[in-house]
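# Geometric and topological summary
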Amino acid sequence: MDRGHVPIRTCVVCSKKGAKSDLLRMALSSAEKSIVLDRGQLLEGRGAYVCPQCLPRLGFSKRVRQAFRNRAAALALDREEAAGRTRGGTDP
């Protein structure tokens, strides 16, 4: 059976391509001008993707700033919480 179209995205840290569902989406929070993790992939506006393995290495690099067209003022990600959720962690 044909699965249909699978969206492909590129990690901003390692530049590897992968299925959209396998990567974590980051979005620009318009109120705070900061980059937040979009767990449900539902937030509006510009987004960028990162591999779960690359999340600990993610920084406010030139690549990240360019992905958000230099509109972001800060990177506001809780890496430990995000890493726990991507590895099958549960909420306390």
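### Here's the deal with the sheet that holds strand β3 (residues 24–29)
Strand order in the open sheet formed by four strands is β5-β3-β4-β6, with mixed pairing between adjacent strands. A strand with exactly one partner marks an edge of an open sheet, and here the two such strands are β5 (47–50) and β6 (74–75). Two elements, β3 and strand β4 (residues 34–38), share five bridges in a ladder whose sense is antiparallel. Note that in β4 the partner of R25 across the bridge is D38.

### Notes on the side chain of S34
Looking at where S34 falls in the secondary structure, it is placed in strand β4. When neighbours within four sequence positions are excluded, S34 is seen to be in contact with A27, L28, S29, A74 and A76.

### Remarks on the side chain of D38
Secondary-structure assignment places D38 in strand β4. Only 3.0 Å separates the side chain of D38 from the backbone nitrogen of L43, close enough to count as a polar contact. Excluding its chain neighbours within four sequence positions, the residues that come into contact with D38 are R25, M26, A27 and L43.

### Focus: the confidence of the model for the protein chain
When pLDDT is averaged along the protein chain, the result is 83, and 82% of the positions lie at 70 or above. No element of the protein chain has a lower mean pLDDT than helix α2 (residues 79–86), which averages 54, and none a higher one than strand β1 (residues 8–10), which averages 97. Residue range residues 86–92 is modelled with pLDDT below 50. Its contacts to residues more than four positions away, or to other chains, number four contacts.

Cut-off values and rules
- Residues numbered from 1 in each chain as written.
- Predicted model: local features only at pLDDT ≥ 70, side-chain atom pairs only at ≥ 80, totals over all residues.
- Heavy atoms only, no water.
- Pairing = 2+ DSSP bridges.
- Helix = DSSP H or I, 4+ residues; strand = E, 2+ residues; numbered from the N terminus.
- Contact = heavy atoms within 4.5 Å.
- Polar contact = N/O pair within 3.5 Å; in protein donor to acceptor, adjacent residues only side chain to side chain.
- pLDDT = per-residue confidence, 0-100.

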